[in-house]
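# Residue-level structural notes
Take a look at the letters that make up each chain.
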Amino acid sequence: MGRGKLRIYLGAAPGVGKTYAMLSEAHRRVERGTDCVVAFVEHHHRPRTEVMLHGLEQVPRRELEYRGGVFTEMDVDAVLDRAPAVALVDELAHTNVPGSRNAKRWQDVEELLAAGIDVVSTVNIQHLESLGDVVESITGVRQRETVPDEVVRRADQIELVDMSPPALRRRMAHGNIYTSDKVDAALSNYFRPGNLTALRELALLWVADRVDEYLTEYRSEHRVSTIWGSRERIVVGLTGGPEGRTLIRRAARLAEKGAGGEVMAVYIARSDGLTAASPKELALQRTLVEDLGGTFHHVVGDDIPASLLDFARGVNATQIVLGSSRRKTWQYVFGPGVGVTVARESGPDLDVHIVTHEEVAKGRGLPVARGARLGRSRIIWGWLIGVGGPVVLALLLNTIDLGLANDMLLFLAVTVAAALLGGLLPALASAAFGSLLLNYFYTPPLHRLTIADPKNIVAIVIFVGVAVSVASVVDLAARRTHQAARLRAESEILSFLAGSVLRGETSLEALLERVRETFAMESVALLERVNDVEPWTCAGSVGPDPSARPEDADVDMPVGDHMALALSGRVLPASDRRVLAAFAAQAAVVLDRQRLQHEADQAKELAEGNRIRTALLAAVSHDLRTPLAGIKASVSSLRSDDVAWSEEDQAELLEGIEDGADRLDHLVGNLLDMSRLQTGTVAPLIREIDLDEVVPMALGGVPEDSVDLEIPESLPMVAVDAGLLERAVANLVENAVKYSPLDARVMVAASAIADRVEVRVVDRGPGVPDEAKDRIFAPFQRYGDAPRGNGVGLGLAVARGFTEAMGGTLNAEDTPGGGLTMVLTLRAVARRPGMAAPSAVAERQAS
């Protein structure tokens, strides 16, 4: 049986009609013949919602007693036994009454889904766990009933039930949501127009994010390359210059104007040479864009405008922000520049913003490294000068007689110009064509391809030799420039890779994503196998449809004998494989490091377990045998027929047996608790409770006159496991009483500070030095030279373990005037206005 499907109706506030929409959907399904039942729906005495329940089968609820009242909850077992096709479960974030099968209703829903039952549910945006702080800042009310975002995100369908704030307030005023005695208070507090507008915006944005995830998956699966302007995504093109920070801030302001806007800064390094960008400046710009909520990307591309547009279309961007060119006016002779080219080729689906800045027309601070080739435009100009230049020069010289020597120097100048622009071949063509023109027009006999004077032959040979030499030097310089630029490009990429390691970016997925971005690939996978005959397995991958075998990939880079990096998307030139090899080696190192770290963690756990077992054996061998020996001796004495014990002696022996049994019970309890903590089996059941219900019960193990208790009634509730808290406080109090003088009472006081509650256990004992305050919480530690019969040293370790399991902290401080104070800090839960310590589990959130 497969897993059931979850459909959620999401609303911005109570009363928008989520439950009504859910019941309407149920009626539609019943009419189509679907087996649909109501597992739990709360109509809150709203007539229209209550009417919608008619005609639907309802599974009887389970009744539970709590604090003298009777509450009803969904009967999970009954729903599972009924096994319908669809179950309606209202209020997904609801907290169940203690004694229920699960703590939260969404956990009940998970059981139904696992059993193959489809579930239709409802939830308000304020109950999403990640939005708790935002909702509190808007409404002033902290939502105590929440559901993890991931539970809602995993839903197969999410439908937004929307209503404008004025319409919702009218529903409230007409009594369609709350009873008439609550309408005025609700309209003036939670249901204020500003609150409802902000909550509505949260709901719309959250659903938009979810829809955007679906859209990204669809575009990836169907290889959609055109831009769908579903939301504003702004790409910032960075050159590494100081103007980048201005562009990032400008893009951030553009993104703020549209809800849900994203900023993605991209630095494109050309594989045929990089502009000399400052690594420090790039690091500052990366930090700035991340601080503003954007992302930074590093991409390699031969054609910067094309690479920028490909990146923008790949992320479905709607706008590109570029800076005005830093080139000087005369430099535009060599081309229009990146900004103009991007604007011309962006098409109708991309808006291009050219932003002015302080560096406009100031030139580049560092020289630009040329590429592997001289460039198409330079080669074209080289051929034009090499072929057309001699013709134009010959026409000019036919009108002016400068002499053969000057004519040869002018033709040589044209050849040098062709070499400087176009390299070797245009220069050779210019030398050959120029020599023919010199021979034909200016070497006697004129207008014939013959030379009468041997001196002119030498001159023409020297002319051709000089032309070829200059062209060779220019071509060699171009190749050396390409090699230097290529090496600099590789060094910057490798430097970035090393920097990512130094920054602690050791996640395999992050590294593979960096490979995918750097080489503009669709997917990257790290594959491995045990030997040459075993199949390949994927150790990690990014991107859609990663290759399952190296031979299926467009590019594969072996890493050792049984590991390979497989890239899909395009074929890489051989010159890029050296950098790819560095990435592959780093990926293997990261994978080994992750596995070694996992093995080290396991070894640490084993070593800690061995240490605990050794200490447990030591405790059993001595600390448990001592009270057992005392109990055995007392029992043997009482059963002896040789001695006639008086009533006082018998009472004393019985008291010794009782004390020994109590010590055994305490020791065994602490040992079991410690073993639970060490094995990770402590699963706290967090509830919202009052401290005055738990702390007094923790004092049962100490004399009545040894503790003063101060728990104010005005304290907020705390989110804890009552049993774990009671045991932790009991251990702290017993420890404090043990070390306090007989005439000094231990103080247990609680107070509220900001969003937390502190429980302080204060004693007047000898205290603990600062360097030993953390050590006393380690297992099997006793303070000073305390005798072994006083315990195995687990009380404080158990107390801290239980406290941290509940999300709190436990620390030791000095008591003013002498002694030790244990400070137990817990998370407070704010009470709603006008409510006196209600039980959260008894509340029903309006839907």
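Now for a look at the structure at hand. (Residues numbered from 1 in each chain as written. Predicted model: local features only at pLDDT ≥ 70, side-chain atom pairs only at ≥ 80, totals over all residues. Heavy atoms only, no water.)

### Observations regarding the overall build of the chain
- Assigned secondary structure in the chain consists of 23 helices and 24 strands.
- The buried share among the 847 residues of the chain stands at 45%.
- Contacts spanning at least 24 positions in sequence make up 71% of the contacts within the chain whose residues lie at least 6 apart.
- For the chain, the exposed surface amounts to about 42,400 Å²; the carbon and sulfur share of it is 56%. (Helix = DSSP H or I, 4+ residues; strand = E, 2+ residues; numbered from the N terminus. Buried < 20%, exposed > 50% of the residue type's maximum accessible area, 1.4 Å probe, protein only. Contact = heavy atoms within 4.5 Å. Areas by Shrake-Rupley, 256 points an atom, 1.4 Å probe, with all protein chains shown as cover.)

### A closer look at the packing of aromatic side chains
- The tally for this structure, following the rule as stated, stands at 0 aromatic pairs.
- One residue, Arg61, lies across the ring of Phe40, its end atom 4.0 Å from the ring centre.
- Over the ring of Phe40 we find Arg105, and its NZ or CZ is 3.9 Å from the ring centre. (Phe/Tyr/Trp six-rings, centres within 6.5 Å; stacked < 30°, edge-to-face > 60°. Lys NZ or Arg CZ within 6 Å of the ring centre and 35° of its normal.)

### Considering the pattern of salt bridges
- Tallying each qualifying case throughout the model produces 27 salt bridges.
- A salt bridge links Asp35 to Arg82, with the nearest nitrogen and oxygen atoms 2.7 Å apart. You can see Asp35 sitting in the loop between helix 1 (18-31) and strand 2 (36-40) and its partner Arg82 sitting in helix 3 (residues 76-82), a full 47 residues away along the chain. (Salt bridge = Lys/Arg side-chain N within 4 Å of Asp/Glu carboxyl O.)

### So, the sheet that holds strand 10 (residues 262-269)
- Strands sit in the order 11-10-9-12-13 across an open sheet of 5 strands; the sheet is parallel. Each end of this open sheet is capped by a strand with a single partner; those strands are strand 11 (295-300) and strand 13 (351-355). Mean inter-strand twist for the sheet, computed between neighbouring axes without regard to direction, equals 25°.
- Summarising the sheet, strand 9 (residues 233-238) and strand 10 pair through 6 bridges and their orientation is parallel. Residue Gly237 lies in a different strand from strand 10, and its bridge partner there is Val266.
- Running over the sheet, helix 10 (residues 244-257) touches strand 9, strand 10, strand 12 (319-323) and strand 13 and is turned about 175° from strand 9.
- Its contacts with the sheet put helix 12 (residues 304-314) on strand 9, strand 10, strand 11 and strand 12, and the angle it makes with strand 10 is roughly 150°. (Pairing = 2+ DSSP bridges. Axes fitted to C-alpha atoms, helices over the stretch in contact; angles between N-to-C directions.)

### Regarding the nonpolar core
- Counting 60 residues, the largest nonpolar core has Leu88, Leu112, Ile125, Val147 and Trp206 as its most contacted members.
- Setting aside residues no more than four positions away along its own chain, Ile125 makes contact with Leu10, Gly11, Ala12, Leu131, Leu199, Leu202, Ala203 and Trp206.
- In this structure, Val768, Ala772, Met806 and Leu820 belong to the second largest nonpolar core, which totals 42 residues. (Core = buried A, V, L, I, M, F, W, Y, C linked by side-chain atoms within 4.5 Å.)

### Overview of the sheet that holds strand 15 (residues 537-542)
- Strand order across the open sheet formed by 4 strands is 15-14-17-16, with antiparallel pairing between neighbours. Lying at the two open borders of the sheet, with one neighbouring strand each, are strand 15 and strand 16 (555-558). Going from strand to strand, the sheet's axes swing by 20° on average, the running direction of each strand aside.
- Sitting on the sheet, helix 18 (residues 508-518) is in contact with strand 14 (523-528), strand 15 and strand 17 (563-568), with an inclination near 60° to strand 15.

### Observations concerning the pairing of strand 23 (residues 809-814)
- Where strand 23 and strand 24 (residues 820-829) come together, 6 bridges link them in antiparallel fashion. Residue pairing in the sheet places Glu813 in a bridge with Thr821 of strand 24.
- Hairpin connection of strand 23 to strand 24: 5 residues between the antiparallel strands, including Gly817 at a positive phi of 90°.

### Section: the pairing of strand 24
- Along strand 24, 9 of the 10 residues are buried, which leaves the element largely enclosed by surrounding structure.
- Taken together, the 2 bridges between strand 20 (residues 717-720) and strand 24 define a ladder with antiparallel strand orientation. Bridged to Met717 within strand 24 is Val829.
- Here 7 bridges tie strand 22 (residues 756-762) to strand 24, and the two strands are oriented antiparallel to one another. When the sheet's bridge partners are listed, Val761 is paired in strand 24 with Met822.

### Considerations on the packing of helix 12 against helix 13 (residues 338-345)
- Following both chains from N to C, one finds helix 12 and helix 13 inclined at 50°, their axes separated by 9 Å at the closest point. If you check the angle between helix 12 and helix 13, you find them oblique. Judged by the sense of rotation from one axis to the other, the crossing of helix 12 with helix 13 is right-handed. Across from Ile304, Pro305, Leu308, Leu309 and Arg313 in helix 12, the residues of helix 13 making contact are Val338, Thr341, Val342 and Glu345.
- Its residues placed into classes, the contact of helix 12 with helix 13 shows 6 nonpolar, 1 polar and 2 charged. (Parallel < 35°, antiparallel > 145°, perpendicular 65-115°, else oblique. Left-handed = near helix turned anticlockwise from the far one by under 90°. Nonpolar A, V, L, I, M, F, W, Y, C, P; charged D, E, K, R; others polar.)

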